Amino acid sequence: MAEGVYDVVVLGAGPAGLTAAIYAGRARLDTVVIDHGVPGGQVATTDMVENYPGFPQGVSGAELAGLMNEQAERFGARIEMAEVEGLAREGDLWRVDTSEGPYRARAVIVATGTRPRELGVPGEKEFRGRGISYCATCDGAFFRDKPVVVVGGGDSAVTEAEFLTRFASHVTIVHRRDQLRAARSLQERVLDNPKINVRWNAVVTSFLGEDRLQRVRLRDVKTGTESEVEAEGAFIYVGLLPNTSFLNGVVPLDEGGYLVTDEAMALPVPGLFAAGDVRRKRLRQVATAVGDGAVAAMAAEEYIVGKFGREPVKTQ
Ligand code: NAP
């Protein structure tokens, strides 16, 4: 961590944050990106991204994230690892409190994304890491030739169910309705896949086993009938929650905890912007996150020039 004041501190090194850093770097703003883990955000743990323009055969999420990181660094942004703990106004500046100490900046771009929502049923906590996972790319290979369950019916559940067929003997998707939410092209692929079946109108009531997960108990929401599916792995994809708890009253959140920006990605406090999945928005994709990041960086530059003049600050 550098002493002094940055022009821009970007919170989160996913596609939105890294794009903001590319644009801020190119605008010659002194920029640091802070993330608690390996740069790339959720896309870094996505096996294949098939809908990001420019990659007609798809691109591995890890590769795409790595390229974005390299590009941000090429334009002068620093990427540092720390847990963001809080944010406070200090005169005309923002102070970002982190596990590695405070950072000070003229503008802050919040691009902290989302995290997986938990189901909240008995056994979920006990078997986490012992059969239950929220990341098929990270843990799928542990379930070679074993039956697994995927919970959810959105893009994540369906994409990851298909990915898991590489390893698992069989994949059962458990979905609470009689229709998937996922994009049509993804739905067609899983419904045609002989290694995947869908338990429609079913919810998980508990995860069961001894030391490790062995069975998933289901309830048919139409008939109330209970049944069990053998599964050594369960991958839960029932939606996302925004990573905004560190903001703690600094800026209003919507009812789901998301940040509400204007068209320039500005939040209703000076010098604070948001980009990517952490925003209230219609479509959470890499393609929309990078657009947000570009706009947020441009808006931050305009804010900095308007408030502080053209001279960039020096961190050293
Ligand atoms: P999502 O779209 O919010 O879908 C969550 C799924 O979980 C829904 O099918 C929902 O059922 C189900 N669900 C929610 N709460 C539940 C509960 N308590 N019990 C059982 N089921 C529950 O989440 P996501 O699939 O993680 O996607 C999040 C965002 O990332 C979306 O914007 C998505 O488009 C994007 N994404 C895109 C791609 C891609 O383009 N390839 C890949 C991954 C993610 P209902 O359908 O009944 O509501």
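## Things to note about the overall build of the protein chain
Phase 1 of the analysis: Helix and strand content of the protein chain: six helices and 19 strands.
Phase 2 of the analysis: Here the C-alpha atoms of the protein chain give a radius of gyration of 21 Å, agreeing with the 20 Å that 2.2 N^0.38 yields for 316 residues.
Phase 3 of the analysis: Counting only C-alpha atoms, the protein chain reaches 65 × 40 × 35 Å along its principal axes.
Phase 4 of the analysis: Within the protein chain, the fraction of its 316 residues that count as buried is 50%.
Phase 5 of the analysis: Taking the contacts inside the protein chain whose residues are at least 6 apart along the sequence as the reference set, 60% of them involve residues at least 24 apart.
Phase 6 of the analysis: Accessible surface computed for the protein chain: about 15,100 Å², of which carbon and sulfur atoms make up 48%.
Phase 7 of the analysis: Taking the average place of the 36 positive charges on the side chains of the protein chain and the average place of its 43 negative ones, the gap between the two points comes to 3 Å.

## Comments concerning the site of the ligand
Phase 1 of the analysis: If you check the shell around the ligand, you find 17 residues, and the closest are Asn-51, Asp-155, Ser-156, Arg-177 and Arg-181.
Phase 2 of the analysis: Taking Arg-177, its side chain carries an N or O atom lying 2.7 Å from an oxygen atom of the ligand.
Phase 3 of the analysis: Between the ligand and Arg-181, the relevant distance is 2.6 Å, taken from an oxygen atom to a side-chain nitrogen or oxygen of the residue.
Phase 4 of the analysis: Out of a free accessible area of 910 Å², the ligand has 76% covered by protein chains.
Phase 5 of the analysis: Considered class by class, the residues forming the shell around the ligand number four nonpolar, eight polar and five charged.
Phase 6 of the analysis: There are two domains that each give the shell around the ligand at least three residues, and those are domain 1 (5–115 + 240–308) and domain 2 (118–236).

## Let's talk about the sheet that holds strand E15 (residues 213–220)
Think of a sheet as strands paired side by side through backbone hydrogen bonds, with each pair either parallel or antiparallel.
Phase 1 of the analysis: Spatial strand order, E14-E15-E16: three strands in an open sheet with antiparallel pairing. Among the strands making up the open sheet, the edge pair consists of strand E14 (202–209) and strand E16 (226–230). Across this sheet, the average inter-strand angle for adjacent strands is 30°, counted without regard to direction.
Phase 2 of the analysis: In this sheet, E15 lies alongside E14 in antiparallel orientation, the contact comprising seven bridges. Bridge assignment links Leu-208 to a residue of E15, and that residue is Arg-215.

## Points about the domain arrangement of the protein chain
Much of the literature gives interface size as the accessible area that the parts lose upon coming together.
Phase 1 of the analysis: One can read the domain layout of the protein chain as domain 1 (5–115 + 240–308) and domain 2 (118–236).
Phase 2 of the analysis: Each of domain 1 and domain 2 was reduced to a C-alpha centroid, and the two centroids are 32 Å apart.
Phase 3 of the analysis: Contacts between the two partners involve five residues from domain 1, matched on the other side by seven residues from domain 2.
Phase 4 of the analysis: The largest contributions to the domain 1 side of the interface with domain 2 come from Thr-45, Asp-47 and Glu-50, which together make up 76% of the buried area.
Phase 5 of the analysis: Inspection of the region where domain 1 meets domain 2 yields two salt bridges.
Phase 6 of the analysis: For Asp-47, the salt bridge identified is with Arg-166, shortest N-O distance 2.4 Å.
Phase 7 of the analysis: At the junction of domain 1 with domain 2, the criterion picks out three residue pairs in polar contact (both at pLDDT 80 or more).
Phase 8 of the analysis: Looking at the side of domain 1 that touches domain 2, its residues break down into no nonpolar, three polar and two charged.

## A short note on the sheet that holds strand E11 (residues 147–151)
Phase 1 of the analysis: Taken in spatial order, the five strands of this open sheet run E10-E17-E11-E12-E13, and their pairing is parallel. Here the strands that pair on one side only, and so sit at the sheet edges, are strand E10 (132–133) and strand E13 (196–199).
Phase 2 of the analysis: As paired elements, E10 and strand E17 (residues 233–236) share two bridges and run parallel to each other. Along E17, the bridge assignment pairs Ser-133 with Phe-235.
Phase 3 of the analysis: Strands E11, strand E12 (170–174), E13 and E17 of the sheet are contacted by helix H4 (residues 155–164), whose axis makes an angle of about 170° with E11.

Conventions we followed
- Residues numbered from 1 in each chain as written.
- Predicted model: local features only at pLDDT ≥ 70, side-chain atom pairs only at ≥ 80, totals over all residues.
- Heavy atoms only, no water.
- Helix = DSSP H or I, 4+ residues; strand = E, 2+ residues; numbered from the N terminus.
- Rg over C-alpha atoms; globule rule 2.2 N^0.38 Å.
- Buried < 20%, exposed > 50% of the residue type's maximum accessible area, 1.4 Å probe, protein only.
- Contact = heavy atoms within 4.5 Å.
- Areas by Shrake-Rupley, 256 points an atom, 1.4 Å probe, with all protein chains shown as cover.
- Lys, Arg positive; Asp, Glu negative; His and termini not counted.
- Charge placed at Lys NZ, Arg CZ, Asp CG, Glu CD.
- Near = heavy atom within 4 Å.
- Polar contact = N/O pair within 3.5 Å; in protein donor to acceptor, adjacent residues only side chain to side chain.
- Nonpolar A, V, L, I, M, F, W, Y, C, P; charged D, E, K, R; others polar.
- Domains from an automatic or database assignment.
- Pairing = 2+ DSSP bridges.
- Axes fitted to C-alpha atoms, helices over the stretch in contact; angles between N-to-C directions.
- Buried area = accessible area lost by both parts, 1.4 Å probe.
- Salt bridge = Lys/Arg side-chain N within 4 Å of Asp/Glu carboxyl O.

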